[in-house]
Amino acid sequence: MDRGNVIAQLGNFTPLVWVMLLGNFFVRATYYMVWPFLSVLLYQKYDLSATEVGLLLTTSAVVSVLFGFYTGNLADRYGRFKLLYVAVLVGVFAFSALAFADSLWSFCFAVFLATMPRSLWDAPSKAVLSDELKDDKDRELALHMLYFLVNVGAALGPLYGLWAGLNGEQFSFIYTAISYLGLCIALLLMHRSSNANIAEVSSSATPPNFFSWLGILKKDTVFLLVLAANLLIYFVFAQGDSSLIQYLARAEVPELATLVSLLIVTNSAVIVLFQFPLLHVMRHWSIQTRLYCGGAVLVVSQILMALNPVDYFTGWIVCVFVLSVSEAILFSNINVHIDRLAPEHLKASYFGAAGLCSLGFALAPLLGGVLLDVGSGPVLFIVTSVISMAALLIYHIAQSTPRNHTTCAIHS
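Residues numbered from 1 in each chain as written. Predicted model: local features only at pLDDT ≥ 70, side-chain atom pairs only at ≥ 80, totals over all residues. Heavy atoms only, no water.

**A few points about the environment of Leu120**
Within the secondary structure, Leu120 sits in helix H6 (residues 116–132). When its relative accessible area of 4% is taken as the criterion, Leu120 is described as buried. Those residues within four positions of Leu120 in sequence are excluded, and the remaining contacts are Phe67, Thr71, Leu83, Val86, Ala87 and Val90. (Helix = DSSP H or I, 4+ residues; strand = E, 2+ residues; numbered from the N terminus. Buried < 20%, exposed > 50% of the residue type's maximum accessible area, 1.4 Å probe, protein only. Contact = heavy atoms within 4.5 Å.)

Encoded structure:
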C-alpha cells in the first residue's frame, strides 16, 4: 500500500472513526487485562478449584459470544450508538463491581458482566466504521487498522494489568471503570458531529426483528459457508494458544517458560511488523485470493508443527512464525470479507453473527485436549492440517455459490 495513498486515506477518517478504532483497542485491552488475572483472584480470595475457575471463565466467554449475536441485530434496529453507550456504561458498572465485590456470587456476576462490553461494542462499532467511510478502500484500511490495534491491545492489556496490580489488588479494577467513563465522554462528544447520525435514520430498508433476521440468515448460504470456514480457522489458530502449550508442557520440554515467552513474542512481533507490508503486497489481490493464500500458509504451519520434534526449540519458533504470517493475512481480511458480504442496513447484524465464529476459540482448549489425550501432539496437528484444508474448500464453495441479492449484499 503506497504511503502517500495511506496518508490521504487517513485524512478521510472522521473523528468518530478514530474513536471507534481506539475504542476497540481499549475494549480489547481491558478484556485481556482482566482475563489472565481473574483466575488468580478466584483462587486466592475465594479458594475455587481449577475446574471451577475454568467453568466460570469458559461459560462467561461463551455467553458473551452468543449475546453478541443478538446485540448486532439490536444495533441495526435501534441504532448503533444506543448499543455503544450501553457497552461503555456496562463496562463502568462491571469493573466497579469487580473492584468492590465482597462475596463469591457478586464477584462471579461481575465477571460475567465484564465480558459484555466487548460483545456489545464489537458489531456496532464496525458498523459505524462502514457508515462513516463510504469508500471501499478507506473502509478496508480502517478494518486493517482495527485488527492491528486489537492485537496491540491484546498484547498490552496483560502487561498493564500486571503494572496496575491486578494480579493481587482487587481495587485496581476501578481504574478500568474510570477509563470506560472516559470512553463514554469521548463517544458523546464525537457522536454529535458524525455522519452516522444520518446513517442510522436514513436507511431505505427497515431492519428486521431478530426472528426475521434469523430467517434471512438461514437463506444466506454463502454467508453461512463463510462463517463455517471462519470458525474452523479460529479453532486451528486457538490451538497455538492452548493445546500447543499443553503438548510442550506434558513432554517436559527443556526451558519451557523461555520457549513459551519467545513464542508469544514471535506472534506479536510478526503481527505488528508484517501486517501492513503484507497488505501492500496483496493490495491488488481479491479478498478471496488473500483468504486462499492465508489459508495455505496456515496448512503449512500445521504440517510443520506435526513434523517438528517436540524438543526442537528453534523449530517451534519457526512454526509459530509461519502461523503468525497466516494470522496477519487472514484475520483482518476476514473482517473486510464480512463487511462486503453484509447489506448496508444489516451491517451490525452480520458482524454480530460473525462473532459466533469465536466459538472456535472457546471450544479449542477442550477439543484440543481430547485429541492430546487420545492421540498425541503430531496427531493433533495432522487433524488441524485437515481442518485448515477443509476451511479452504468451504471458502471455494462459498465463492462459487450463487447469492440471493434481494436480501443480501453483492458477493464481492
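**Focus on the packing of aromatic side chains**
In this description, an aromatic ring pair is defined by two values, namely the gap between the centres and the angle between the planes. Going through the model one piece at a time under the given rule, you end up with 18 aromatic pairs. Pairing Tyr46 with Phe107 gives two aromatic rings, centres 5.4 Å apart and planes at 40°, and the pair type is tilted. Within this pair, whereas Tyr46 is found in helix H2 (residues 15–46), its partner Phe107 is found in helix H5 (residues 104–114), the two being separated by 61 residues in sequence. You can call Tyr46 buried: its relative accessible area is 14%. (Phe/Tyr/Trp six-rings, centres within 6.5 Å; stacked < 30°, edge-to-face > 60°.)

**Examining the packing of helix H15 (residues 313–341) against helix H16 (residues 347–354)**
Close contact between H15 and H16 brings their axes to 9 Å; oriented N to C, the two are set at 140°. With respect to H16, the axis of H15 lies oblique. As for how H15 packs across H16, the hand of that crossing is right-handed. Here Asn335, Ile338, Asp339 and Leu341 of H15 lie close against H16, whose contacting residues are Lys347, Tyr350, Phe351 and Ala354. For the contact of H15 with H16, the class distribution of residues is five nonpolar, one polar and two charged. (Axes fitted to C-alpha atoms, helices over the stretch in contact; angles between N-to-C directions. Parallel < 35°, antiparallel > 145°, perpendicular 65-115°, else oblique. Left-handed = near helix turned anticlockwise from the far one by under 90°. Nonpolar A, V, L, I, M, F, W, Y, C, P; charged D, E, K, R; others polar.)

**Brief notes about the side chain of Asp138**
Among the structural elements, Asp138 can be located in helix H7 (residues 136–163). Comment: no salt bridge for buried Asp138; closest opposite-charge side chain is Arg139, at 8.8 Å. Every residue in contact with Asp138, bar those within four places of it in the chain, is listed here: Gln9, Asn12, Phe13 and Leu133. (Lys, Arg positive; Asp, Glu negative; His and termini not counted. Salt bridge = Lys/Arg side-chain N within 4 Å of Asp/Glu carboxyl O.)

**Remarks on the pattern of salt bridges**
Two side chains with opposite charge may pair up if their charged atoms get near one another. What the rule picks out here adds up to seven salt bridges. Residue Asp131 pairs with Arg80 through a salt bridge whose shortest N-O separation is 2.9 Å. Of this pair, Asp131 sits in helix H6 while Arg80 sits in helix H4 (residues 80–100), placing them 51 residues apart in sequence. Each member of the pair, Asp131 together with Arg80, is buried.

**Focus: H16**
Most of H16 is tucked away, with eight of its eight residues classed as buried. Taken together, the buried positions of H16 are occupied by Lys347, Ala348, Ser349, Tyr350, Phe351, Gly352, Ala353 and Ala354.

**Brief notes about the confidence of the model for the protein chain**
Chain-level pLDDT for the protein chain is 81 on average; 88% of the residues reach the 70-or-more range. A low-confidence stretch, residues 196–204 (pLDDT under 50), is modelled with 12 contacts involving residues beyond four sequence positions or located in other chains. (pLDDT = per-residue confidence, 0-100.)

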